[in-house]
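Residues per chain, in single letters:
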Amino acid sequence: MRPFEYLAPSSVEAAVAALAEHGPGARALAGGTDLLVDLKHDSVSAGLLVDLTRIAECKVIEETPDGLRFGSLVTHTQIMESDLVRRHAPAMIDAARTIGAVQTRNLGTLGGNLVTCVPSLDSGPVLLALDAEVTIAGTGGRRRMPLGEFFVGPRKTALQAGEVLVDIVLPRDSLGKPCSFRKFGLRKGQALALVNAAAATRLDGGKIAGVRIALGAVAPTVIRATRAEAALDGRSPDPTLIAEAADIAATEAKPIDDFRASADYRLELIRTLTRRVLNEAIETATS
Amino acid sequence: MVIKVEDALRADRLTELKHPDEAAGVPAVARKEGRAPQIVPDANQQTPAVGQRVTRPDSRPHITGQTRYIDDLSFPNMLHMKILRSEHAHARIRAIDVSEAEKMPGVVATLTGREIPVNSFGPSYQDQPVLADEKVRHMGDGVVAVAAETEQLAQDALARIKVEYEPLPLVLDPLEAMNDDAPKIHGDSNIYATKAIRKGDVESALAEADLVMEGRFSTQMVEHVPMEPHATIAMWEPDGRLKILSSLGRITLGRADVARTLDMPVNRIQIVGTIVGGNFGGKNEITTEPVLALLARKTGRPVKGVFTRQDEFVSSTTRHPFIMDYRTGVRKDGRILARKVRIVADGGAYCSWSETTLGKGAILSVGPYRIDHLEVKAYAVYTNKTTCGAMRGFGAPQVCFGYESHMDDIARELGIDPLEIRLRNAFDEGSSSPTGQVLHSVAVKESLETVAHRVGWREQTS
Amino acid sequence: MEITIRVNGQERTASVPPETTLLTMLRANLGLTGAKLGCDVGDCGACSVLVDGEPVNACLMLAAQAAGRDVLTIEGLGDFQELSPLQEMFELFSSFQCGFCAPGMIISAKALLDKTPNPTAAEVREALSGNLCRCTGYTKIIDAVMEMASRGAAESERA
């Protein structure tokens, strides 16, 4: 790697100040599983790395009045081993388990995964399906926004220069909401998703209520399939309805052809995975 | 230090080695009754060594992290080398300017192809430059090497080197490369090796067949991906001898190549073969050894060069992609009368071990089947891609995919069980190979029967 | 910058530039070459070490990020005269060929067994999925870890 300066502040405010002081050449470092690779390949440059991994506030998973709060520097392993997550949002564990391998999950962070913002990011669908919100800190203070607005494009988020992601919050309403995650890759270990999908729903008097469908690797960012959701809400689940919703979800996606899979194959995966996650979420809601 | 092996043989483990049938769960009764032919004699009937658990003498260094691979070695005052690779798959090199790179602090020396005494090597034809001088023929061609105080400085220096290229037309498809009007990569033809096998009268036999099946099968390029990337350290001894420590798997061939490229006698070159972290055929010939030797001579210091994973993919050799055309005449009962095969091996930019691969591929392309009338034509063709060379099997895996897929197609067309059609045609004891070798210890049918028994093939298909 | 890491139970200090990875510091500055550079992007696991008991790719962690933490490398397990029990299993099963992946493989297996002393074969495969081996086909590696687990279980039953 080319030379850079290094700072490891112990608070969000200090990190934000360091980023502001150093200007555009400064970059925030989280788990490093993407950034260090980019630095090695010289595809990004940095005059200063502001290491966020020593900020205590960002390293905890805790229940707050707002809901379930994940510090942005929480690792995927922490999520997999958290009793709070197991109780309130077990689908997040299913998603975390599919990311990289043990070594990368021990380094890689939830916030880093979201900030990298590749279309296939595996933490995205469950968080979107559970209406997650994120907190961003900059020199002007902190602001909160829905995760859906945080995703702007491939490798592009709502973070402005010098801002850092502080935490991710699952609102109280979403805790315990039945949710399912599925990912399809070309192999079992260390695979990028060809398609990943999550669905969350409750049943209200046997009718689908507040359903959410989120899809990854099928559009410039992780997306919600809102028309498919609209087709489901307020109706009784049955196989025909689920299949219709899955077909609609496929029309909301814009998958591409690449060396991993063709767009047609991905469309078929979207239908299949959407059906599966809906069925699983409904089954959990029923039981 | 002496490696301790005394506790390696543990009685409680020795008894657990099982006959393959037993291991596969075939009931003892069935084994005794011989439902499956026993082709593997009991271990202790062969030699006392077979079936015994032994501990490898090198196990302790390996599992304690003490084995020294090249990159684990370092010498006082050692420099590090990086290579600037081509920006084009096919281009003439007009000019190289290393002056800016050489001015950088920490950069000690550069090397270009024109500084190499005999700038060509290769196991069959010496068609590959150590560093490209007149032309680059694929993206993996090295053009300039830099020796610097650290790897990073050497890497940074590459960006300061200016190479002026005149891009040339590309040929990437091996079939197009065979055409007369295709851009030529070396000389006046892209076909640089051919093999032919003829036996019997293939055209007459095809005319007598009940069915003539045709099929085209192709395979892809495969990189060996040894866990340890290619690595070499070169240094000159005070007596003027060259010492090279290398991950090279074939050190005597490598020494001959180094002697040739440096234009010096082999007896003044010592190549130390170290523990190799995976070869699979990919470390069978020299890569940067002469470059490191010359940089070490220029600087008077040891120089180390370790491939990045990217170097490994774009620059080291790979397995040849084959395009295989099969044409087979069969009788209604599945008996094969005649077979024609055409193999086009995409050799990439240089010959490397293509001749060997093509020869073995051609001989094996007919399959382990008794066929009296044969014609095999095989061609190795240059393209502007990563060089293909030795890889486990030397062409055998490619043709196996071809002929066995073809056999399945024939079986389906005739409505014959795929196992049955193979048994009707397979080699017997004393059968002749396509090139006339009389075969002994032939166990094709027994092997097929054993597998069929173990997977319950007949039970499933009946 | 001056970095102090507790490596294999000993405080080790080196003066390195900030862009130094943990792997480079271990190999170049501390002379611990057991962890290998295989891919340099966190795919192959040849550089696996334990940081505070958890396996990580040392090529993807800055040395500065490991400052003040506990690092265990293959050199911190058994040595030539006396192997650790897990290394004994790797020796007994010859769970390696070229040996290049073995240090990382053993480190990952140790991390698994420390947390899950009696894993299923599926858990072993999952725990080792970040460690690539091109020679063995993995079977003997998984066998060694499973044997280690079953011996460990037998021992704890006796205790």
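Rules of the game
- Residues numbered from 1 in each chain as written.
- Chains lettered and ligands numbered in written order.
- Predicted model: local features only at pLDDT ≥ 70, side-chain atom pairs only at ≥ 80, totals over all residues.
- Heavy atoms only, no water.
- Helix = DSSP H or I, 4+ residues; strand = E, 2+ residues; numbered from the N terminus.
- Buried < 20%, exposed > 50% of the residue type's maximum accessible area, 1.4 Å probe, protein only.
- Domains from an automatic or database assignment.
- Contact = heavy atoms within 4.5 Å.
- Buried area = accessible area lost by both parts, 1.4 Å probe.
- Salt bridge = Lys/Arg side-chain N within 4 Å of Asp/Glu carboxyl O.
- Polar contact = N/O pair within 3.5 Å; in protein donor to acceptor, adjacent residues only side chain to side chain.
- Nonpolar A, V, L, I, M, F, W, Y, C, P; charged D, E, K, R; others polar.
- Pairing = 2+ DSSP bridges.

*Asks:* Explain unusual backbone geometry here, please?
*Replies:* A negative phi angle is the norm for most residues apart from glycine, just as the trans form is the norm for most peptide bonds. Here the phi dihedral of C117 of chain A falls at roughly 55°; this positive angle occurs in a residue that is not glycine. Within the element layout of this structure, C117 of chain A appears in the loop between α7 (110-116) and α8 (124-129). The class for C117 of chain A is buried, based on a relative accessible area of 1%. With a phi close to 45°, F394 of chain B is a non-glycine residue in the positive phi region. By the secondary structure assignment, F394 of chain B is in the loop between β17 (373-382) and α14 (396-414).

*Asks:* Before we go on, may I ask you to explain the domain arrangement of chain C in this structure?
*Replies:* Accessible area lost during the coming together of the parts is what is often quoted as the interface size. Residue and element names in this part refer to chain C. The assigned domain composition of chain C is domain 1 (2-76) and domain 2 (85-158). Put simply, the middle of domain 1 and the middle of domain 2, counted by C-alpha atoms, are 22 Å apart. On the domain 2 side, the residues contacting the 17 residues of domain 1 number 13 residues. When the two sides are added together, the surface that domain 1 and domain 2 hide from each other amounts to roughly 1100 Å², 67% of it contributed by carbon and sulfur. For the interface between domain 1 and domain 2, the tally reads one salt bridge. Here K115 and E54 are joined by a salt bridge, their closest N and O atoms 3.2 Å apart. Applying the counting rule to domain 1 against domain 2 returns five residue pairs in polar contact (both at pLDDT 80 or more).

*Asks:* Sorry if this is basic, but what is going on with the interface of chain C and chain A here?
*Replies:* Counting from both sides, the interface comprises 31 residues of chain C and, opposite them, 31 residues of chain A. Carbon and sulfur atoms make up 55% of the surface buried where chain C meets chain A, a total of about 2200 Å² over both sides. Of all residues in chain C, the largest losses of buried area upon contact with chain A belong to E19, L60 and Q65 of chain C, amounting jointly to 29% of the total for that side. Here chain C is connected to chain A by three salt bridges. With its nearest N and O atoms 2.4 Å apart, the salt bridge here joins K115 of chain C to E81 of chain A. There are 13 residue pairs in polar contact (both at pLDDT 80 or more) connecting chain C and chain A. Among the elements of the structure, β4 (54-57), α3 (102-115) and α4 (121-127) of chain C are those that each provide at least two residues to the side of chain C that touches chain A. Looking at the side of chain C that touches chain A, the element that brings in the most residues is β4 of chain C, giving four residues. Classifying every residue of the side of chain C that touches chain A gives 14 nonpolar, ten polar and seven charged.

*Asks:* Just to check I follow, could you spell out the domain arrangement of chain A for this structure?
*Replies:* All names here are of chain A. Looking at the assigned domains, one finds that chain A contains domain 1 (5-51), domain 2 (58-174) and domain 3 (179-286). Using only C-alpha atoms to locate each centre, domain 1 and domain 2 end up separated by 19 Å. Counting residues at the interface gives eleven residues for domain 1 and 16 residues for domain 2. Summed over both partners, the interface of domain 1 with domain 2 comes to about 950 Å²; 72% of that surface belongs to carbon and sulfur atoms. Of all residues in domain 1, the largest losses of buried area upon contact with domain 2 belong to V12, V16 and T33, amounting jointly to 44% of the total for that side. Connecting domain 1 to domain 2 are one salt bridge. Measuring nitrogen to oxygen at the nearest pair gives 3.0 Å for the salt bridge that ties E13 to R142. Linking domain 1 with domain 2 are two residue pairs in polar contact (both at pLDDT 80 or more), by the criterion used here.

*Asks:* Mind showing me how you'd approach the environment of D72 of chain B here?
*Replies:* Along the chain, the position of D72 of chain B falls in the loop between α5 (59-63) and β1 (79-85). Taking the C-alpha atoms as reference points, D72 of chain B and P183 of chain B, 111 residues apart in sequence, are found 44 Å from one another. Setting aside anything within four residues of it in sequence, one finds D72 of chain B in contact with T67 of chain B together with R27, T33 and K36 of chain C.

*Asks:* Whenever I open this one, the pairing of strand β13 (residues 207-216) of chain A confuses me. Can you help?
*Replies:* Consecutive residues of a regular strand have side chains that alternate between opposite faces of the sheet. Residue and element names in this part refer to chain A. For β13, a buried count of seven out of ten residues is recorded, marking the element as mostly surrounded by other parts of the structure. As paired elements, strand β12 (residues 193-204) and β13 share eight bridges and run antiparallel to each other. Along β13, the bridge assignment pairs L203 with I208. Connecting the antiparallel pair β12 and β13 is a turn made up of two residues, with G205 showing a positive phi of about 60°. Two strands pair when backbone bridges link them, and β13 and strand β14 (residues 223-224) are joined in this way by two bridges, in the antiparallel orientation. Pairing of A214 across the sheet is with R224, part of β14. Linking β13 back to β14 in an antiparallel pair, the connection comprises six residues, with A217 at a positive phi of about 70°.

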